[in-house]
Amino acid sequence: MPASTLPARTLPIHSNNDDDEASQSSGRSNASSFCPPFPNDEALDAYLASIAPPRELICPITQELLRDPVLCSDGHTYERSSLVTWFGMGRNRSPVTNSLLEDTSPNLLVPNLAVGSMANLHREKLGKRLWSVCEGVYRRGGRCDDGGVRIEGLVDAGADVNARGVGGNTPLHLLILSGNIHLAVHLLNHDANVTLTNDAGLDCIATAEDMMQKIQRRRGNVSNDATGQVVHVAEWRDFIEELKRRETLEKARMEARERARTQANEEHRERQRTLASNARSNSNSDANATNERGLGRLEDGIGYFPSLAALQFQSSIPGPSPSVAPYEIKEKERLDRILKIVGGIVLLYFLLS
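Residues numbered from 1 in each chain as written. Predicted model: local features only at pLDDT ≥ 70, side-chain atom pairs only at ≥ 80, totals over all residues. Heavy atoms only, no water.

A. Structural detail: the overall build of the chain. Counting its regular elements, the chain contains 11 helices and five strands. Sorting the 353 residues of the chain into buried and exposed places 34% on the buried side. By sequence separation, contacts in the chain at least 24 residues apart represent 63% of the contacts at least 6 residues apart. Here the chain has roughly 21,200 Å² of accessible surface; of this, 54% comes from carbon and sulfur atoms. (Helix = DSSP H or I, 4+ residues; strand = E, 2+ residues; numbered from the N terminus. Buried < 20%, exposed > 50% of the residue type's maximum accessible area, 1.4 Å probe, protein only. Contact = heavy atoms within 4.5 Å. Areas by Shrake-Rupley, 256 points an atom, 1.4 Å probe, with all protein chains shown as cover.)

B. Here's a closer look at the packing of helix H5 (residues 149–156) against helix H7 (residues 181–188). Running from N to C, H5 and H7 point in directions that differ by 5 degrees, and their axes come no closer than 10 Å. With respect to each other, H5 and H7 are oriented roughly parallel. Side by side, H5 and H7 meet where Ile151, Glu152, Val155 and Asp156 of the first sit next to Leu183, His186 and Leu187 of the second. Looking at the contact of H5 with H7 residue by residue, the class counts come to four nonpolar, one polar and two charged. (Axes fitted to C-alpha atoms, helices over the stretch in contact; angles between N-to-C directions. Parallel < 35°, antiparallel > 145°, perpendicular 65-115°, else oblique. Nonpolar A, V, L, I, M, F, W, Y, C, P; charged D, E, K, R; others polar.)

C. Region of the structure containing a nonpolar patch on the surface. Side chains of Ile338, Val342, Val346, Tyr349 and Phe350 sit close together on the surface and give an oily, nonpolar patch of about 500 Å² of accessible area. For Val346, the position within the fold is in helix H11 (residues 325–352). (Patch = residues over 30% accessible without salt bridge, like charges linked within 9 Å, V, L, I, M, F, W, Y side chains within 5 Å. Salt bridge = Lys/Arg side-chain N within 4 Å of Asp/Glu carboxyl O.)

D. Examining the sheet that holds strand S3 (residues 110–111) more closely. Taking strand neighbours across the sheet as the criterion, the three strands line up as S2-S1-S3 in an open arrangement whose pairing is antiparallel. Strand pairing shows two members of the sheet lacking a second neighbour, strand S2 (77–79) and S3, which therefore form its edges. Where strand S1 (residues 69–71) meets S2, three bridges bridge the pair, whose relative direction is antiparallel. Within S2, the residue paired with Leu71 across the bridge is Thr77. Helix H3 (residues 80–88) rests against S1, S2 and S3 of the sheet, and its axis sits at about 90 degrees to S2. (Pairing = 2+ DSSP bridges.)

E. Quick look at H5. Buried within H5 are the following residues: Arg150, Ile151, Gly153, Leu154 and Val155. Looking one or two residues beyond H5, the residue adopting positive phi is Gly158, at roughly 105 degrees.

F. Up close: the pattern of salt bridges. Summed over all chains, the structure comprises 15 salt bridges. With its nearest N and O atoms 2.9 Å apart, the salt bridge here joins Arg269 to Glu266. Taken as a pair, Arg269 and Glu266 lie in helix H9 (residues 233–290) at a separation of three residues, close to a single helical turn. Its relative accessible area of 42% is what places Arg269 among the partly exposed residues. Judged by relative accessible area, which is 37%, Glu266 ranks as partly exposed. One salt-bridge network, held together by shared partners, links Glu266, Arg269, Glu270 and Arg273.

G. Layout of the packing of helix H4 (residues 113–139) against helix H6 (residues 171–178). Between H4 and H6, the shortest axis-to-axis distance is 8 Å and the interhelical angle comes to 15 degrees. When the interaxial angle is binned, H4 and H6 end up roughly parallel. Crossing handedness for the pair H4 and H6: left-handed. Of H6, the residues touching H4 (which contributes Leu130, Trp131, Cys134, Glu135, Val137 and Tyr138) are Pro171, Leu174, Leu175, Leu177 and Ser178. (Left-handed = near helix turned anticlockwise from the far one by under 90°.)

H. Main features of unusual backbone geometry. A positive phi angle, near 60 degrees, is found at Gln63, a position not held by glycine. Turning to its location among the elements, Gln63 is positioned in the loop between helix H2 (41–51) and S1. Assessed through its relative accessible area of 43%, Gln63 is described here as partly exposed. Its identity is not glycine, yet Asn98 carries a phi of approximately 65 degrees, on the positive side. With respect to the element layout, Asn98 can be found in the loop between H3 and S3.

I. Fine view of the side chain of Ser94. Looking at where Ser94 falls in the secondary structure, it is placed in the loop between H3 and S3. Overall, Ser94 belongs to the buried group, its relative accessible area being 2%. Only 2.4 Å separates the side chain of Ser94 from the side chain of Asp74, close enough to count as a polar contact. (Polar contact = N/O pair within 3.5 Å; in protein donor to acceptor, adjacent residues only side chain to side chain.)

J. Main features of the nonpolar core. In this structure, Leu130, Ile151, Leu172, Ile176, Leu187, Trp236 and Phe239 are the most contacted members of the largest nonpolar core, which totals 43 residues. Of all the secondary structure elements, the ones that give two or more residues to this core are H2, H4, H5, H6, H7, helix H8 (204–219) and H9. With seven residues, H4 is the largest single contributor of residues to this core. Every residue in contact with Leu187, bar those within four places of it in the chain, is listed here: Leu130, Ile151, Val155, Val161, Pro171, Leu172, Leu175 and Ala192. Residues Tyr78, Leu83, Leu101 and Leu109 belong to the second largest nonpolar core, which totals 14 residues. (Core = buried A, V, L, I, M, F, W, Y, C linked by side-chain atoms within 4.5 Å.)

K. Looking closely at the environment of Asp199. Note that Asp199 resides in the loop between H7 and H8. Taking the C-alpha atoms as reference points, Asp199 and Asn169, separated by 30 residues in sequence, lie 7.5 Å from one another. With residues up to four places along the chain from it excluded, the contact list for Asp199 reads Gly167 and Gly168.

L. Highlighting the packing of aromatic side chains. Counted by the stated rule, this structure contains three aromatic pairs. Measuring from centroid to centroid gives 6.1 Å for Trp236 and Phe239, while their planes differ by 90 degrees, and the two rings are edge-to-face. Remark: Phe239 and Trp236 occur in helix H9; sequence separation between them is three residues, near one turn of the helix. Overall, Trp236 belongs to the buried group, its relative accessible area being 1%. Ring geometry for Tyr349 and Phe350: centres 5.8 Å apart, planes at 75 degrees, overall edge-to-face. The two residues Tyr349 and Phe350 agree in class, both being exposed. The ring of Trp86 has Arg91 lying over it, and the distance from NZ or CZ to the ring centre is 4.4 Å. (Phe/Tyr/Trp six-rings, centres within 6.5 Å; stacked < 30°, edge-to-face > 60°. Lys NZ or Arg CZ within 6 Å of the ring centre and 35° of its normal.)

So this is what it looks like as structure tokens:
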């Protein structure tokens, strides 16, 4: 594998502020340790609280970071799939307020784009921290002194498990290259994508197969990871088989998502066509109702010949006052007759000449 694809294991690690604080609180003796164990439960709780998403970005039903947030008629934002499941169970009350909902149709759910954007930003932020921790595990040959607590905490908080870094590697790539398949399995259990390739064109399956071959050449059928756990080649084979199984499932999910996206786009286009048709029908009805004197599509306004500003802002022009309305109507009718007479004379002139 090209050297440019992977970060050098001799490079220093620049840990984030939370990890630095945890390292300082664990004592100077652990200052050179990467991801040191938390000295007590209070320190662990403080770390988990620092990476937890804001309450506004958490679904009230799943208690997880929102991915596809939608607005309900109760004014609260939920994960679309969880709210659809809630309605599918025959529940017609708000999950938050327990008040009766006017409509429980999934088709009326409106995407909350603002909340979705904020949730994605938070997910990407945690994803960068997750990638940094996994990079440190790789540089230390799989060693993670906290037993993977930080990685598990970041993943559980909603970090992007498919974040990319140097060489196009994902956190799963880095953990496989480190030889720590126990942490890699934890990422798999949180839907890490095994089909993504790095800049060298290697996906996670090819990376795992390459690592297993290296272990067989160097150490035989048994090896120890950086935590001291014995890792048999048979475990690598089982891990690779699991990766292949996940690959098949991911391809099936991608095809299903593509079909669902195509169907949703077609339904959206059909709704837009229907709305446009209804808008044209309403516009024609309004034009016929308000223009009985042959004034085109213009609404009744002040004056017979509107200015350019009046043409642009016709709907904002107030109607004539009741005191002058009869006079204006008579003037419009008189001018209309004059125009017709002048038009008839001009037409007759051209026909006779």
